[in-house]
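# Structural overview for review
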Amino acid sequence: MTDKDTFIQEKLVGYHDKPCSYWQRLPYRSDTGGVSPMLLEGLEKYTNHRIHGMTPDRRAWRKQFLLDQNLSHREPVFVPELYYEINNPIRRFLRYPYNKLEQAVLKITGNSLVAKSAKIYAVKSTYYLLFIFAASYYFMYNKRDWTRIGGITVQQSKPIIFPGAPGYPYESNMKLSEFYDMGFSKSALFKSEERIKAEYAKELEQKKLAQKKQ
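Every chain's residues receive numbers from 1 upward, in the order its sequence appears when written. It should be noted that, the model being predicted, local features are given only for residues of pLDDT at least 70 and side-chain atom pairs only at 80 or more, the latter also being counted only at that level, while totals for whole chains, interfaces and linings use all residues. Hydrogens and water are ignored here; the side-chain numbers use all heavy atoms of the structure.

### With respect to the overall build of the chain
Our working definition: Elements are defined by DSSP. Helices are runs of H or I of four residues or more, strands are runs of E of two residues or more, and each kind is numbered from the N terminus. Between buried and exposed lies partly exposed: a residue is buried under 20% and exposed over 50% of the maximum accessible area for its type, with that area taken using a 1.4 Å probe on protein chains only. Contact definition: two residues touch when any of their heavy atoms are within 4.5 Å. Only the protein chains shown count as cover for residues, with accessible areas throughout obtained via the Shrake-Rupley method and a probe of 1.4 Å.
Tallying secondary structure elements over the chain gives six helices and two strands in all. Expressed as a percentage of the 214 residues in the chain, the buried residues total 9%. Intrachain contacts of the chain at a sequence separation of at least 6 include 17% that bridge at least 24 residues. Surface accessibility of the chain: about 20200 Å² in total, with carbon and sulfur atoms responsible for 60%.

### Some thoughts on the layout of surface pockets
In plain terms, the rule: Cavity and pocket criteria rest on a 1 Å grid covering protein atoms alone: a 1.4 Å probe that fits but cannot get out defines a cavity, protein on both sides within 12 Å along at least 5 of 7 lines defines an open pocket, and an atom within 4 Å of a point defines a lining residue. Grid points are joined across faces, edges and corners, and a volume is the space filled by probe spheres set on the points.
Taken as a whole, the largest pocket holds about 1000 Å³ of empty space. Taken together, 29 residues make up the lining of the largest pocket; nearest its centre are Tyr83, Asn99, Glu102, Lys116 and Lys119. Looking at the lining of the largest pocket, the elements that each hand over two or more residues are helix 3 (80-86), helix 4 (89-109) and helix 5 (112-141). Considering each element in turn, the lining of the largest pocket owes the most residues, 11 residues, to helix 4.

### Section: the packing of aromatic side chains
Operational definition: Centres within 6.5 Å are what make two rings of Phe, Tyr or Trp a pair, Trp counting through its six-membered ring; a difference in plane orientation under 30 degrees is then read as stacked, over 60 as edge-to-face, and the rest as tilted.
Tallying each qualifying case throughout the model produces three aromatic pairs. Between the aromatic rings of Phe78 and Tyr83, the centroid separation amounts to 5.6 Å while the plane-to-plane angle is 50°, which identifies the pairing as tilted. Of the residues examined, Phe78 reaches a relative accessible area of 58% and is grouped as exposed. Pairing Tyr137 with Tyr141 gives two aromatic rings, centres 4.9 Å apart and planes at 45°, and the pair type is tilted. Of the two residues, Tyr137 and Tyr141 are both situated in helix 5; the distance of four residues between them amounts to about one turn of the helix. Just as Tyr137 is exposed, Tyr141 falls in that class too. Every member of this aromatic cluster is reached through a ring pair, and the members are Phe78, Tyr83 and Tyr84.

### A short note on helix 5
Quick note on the threshold: What a helix should span is 1.5 Å times the count of its residues minus one. What qualifies as a polar contact is a pair of N or O atoms within 3.5 Å, subject to a donor-acceptor requirement within protein and to the restriction that residues adjacent in sequence count only when both atoms come from side chains.
In this model helix 5 runs 44 Å from its N-terminal to its C-terminal C-alpha over 30 residues, within 8% of the 44 Å that 1.5 Å per residue would give. The set of residues buried in helix 5 consists of Ala115, Lys119, Ala122 and Val123. Residues of helix 5 that are buried make contact with helix 4. Between the side-chain oxygen of the N-cap and the backbone nitrogen of Leu113 there are 2.9 Å, and the N-cap of helix 5 in question is Asn111.

### As for the side chain of Lys119
Note on placement: Lys119 falls in helix 5. The exposure class assigned to Lys119 is buried, which follows from its relative accessible area of 12%. There is a polar contact of 2.8 Å between the side chain of Lys119 and the side chain of Asn99. For Lys119, the residues in contact, after removing those within four places along its chain, are Tyr98, Asn99 and Glu102.

### Topic: the confidence of the model for the chain
Operational definition: Within a predicted model, pLDDT stands for the predictor's per-residue confidence, ranging from 0 to 100.
Per-residue confidence for the chain gives a mean pLDDT of 78; residues scoring 70 or more make up 81%. Low confidence marks residues 1-26, where pLDDT is under 50. Its contacts with residues over four positions away, or in another chain, come to 31 contacts.

### Comments concerning the packing of helix 4 against helix 5
Convention followed: The convention used is that axes are lines fitted to C-alpha atoms, helices contributing only their stretch in contact, and that angles between N-to-C directions extend from 0 to 180 degrees. Should the near helix be turned anticlockwise from the far one by less than a right angle, the crossing is termed left-handed; should it be turned clockwise, right-handed. In this classification, the charged set is Asp, Glu, Lys and Arg, the nonpolar set is Ala, Val, Leu, Ile, Met, Phe, Trp, Tyr, Cys and Pro, and all remaining amino acids, among them Gly, are polar.
Where helix 4 meets helix 5, the axes come as close as 8 Å, and the angle between the chain directions of the two elements is 145°. The hand of the helix 4/helix 5 crossing is right-handed. Contacts between helix 4 and helix 5 involve Tyr98, Asn99, Leu101, Glu102, Val105, Leu106 and Thr109 from the former and Ser112, Val114, Ala115, Lys116, Ala118, Lys119, Ala122, Val123 and Thr126 from the latter. When the residues that make up the contact of helix 4 with helix 5 are grouped by side-chain class, the tally is nine nonpolar, four polar and three charged.

### So, the side chain of Asn87
Within the fold, Asn87 resides in the loop between helix 3 and helix 4. You can call Asn87 buried: its relative accessible area is 3%. A distance of 2.9 Å separates a polar side-chain atom of Asn87 from the backbone oxygen of Tyr83. Of the polar contacts made by the side chain of Asn87, one reaches the side chain of Arg95; its length is 3.4 Å. Ignoring sequence-local partners within four residues, the contact set of Asn87 consists of Arg92 and Arg95.

### Regarding the pattern of salt bridges
Going by this rule: Basic side-chain nitrogens of Lys or Arg form a salt bridge, by our definition, when they fall within 4 Å of a carboxyl oxygen of Asp or Glu.
Summed over the entire model, instances satisfying the criterion amount to three salt bridges. Residues Arg58 and Glu44 are paired through a salt bridge, measuring 2.9 Å at the closest nitrogen-oxygen approach. One end of the pair, Arg58, is in helix 2 (residues 56-68); the other, Glu44, is in the loop between strand 2 (23-27) and helix 1 (47-52), and 14 residues separate them in sequence. Owing to a relative accessible area of 32%, Arg58 belongs among the partly exposed residues under this scheme. Across the salt bridge formed by Glu102 and Lys119, the nearest N and O atoms sit 3.6 Å from each other. With Glu102 in helix 4 and Lys119 in helix 5, the pair connects residues that are 17 residues apart, well separated along the chain.

Printed below as a string of structure tokens:
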């Protein structure tokens, strides 16, 4: 029994494929069941071989091979049993609208390449739009604020101003109470100086009215 007939293939691993002190055993996998695939086109695939000289038998083989590349008007043939075998129900459900789009474009243009390209672009565009919508939703409604620790934090760095440049030294327009505010100033619990003064003036007015009534 040779190595090709076994189900385990041993591969030597090392620096630049040099021998080393250990072996890595990899499972043998082949799409042809362990049999080397046969090239039907033969050596006539290469131009140099055809120019060098071909026997009448090889010329007949080459002619028949080229004729076999002409597909029938029925190609490609859709086999429902094969389609249902290799595609599960979820995959068929997700592919249904794009398959209908491909069929519609094929009827209009009559070009299978254009129809296939339209289907691929539609699928990719749907994935990109879903990603953009999900990211936008997450950024809009999952920002970090003063009520929780988790979430997305967006910070803005100070501008780089060198000595002698206009605006040096840099002075921020923000108040001390606005640093690391995390949206607390927009809540109902926050009381700014103006709000405190307004509430204090309102309390004084209520006291004056109470005194006049007495």
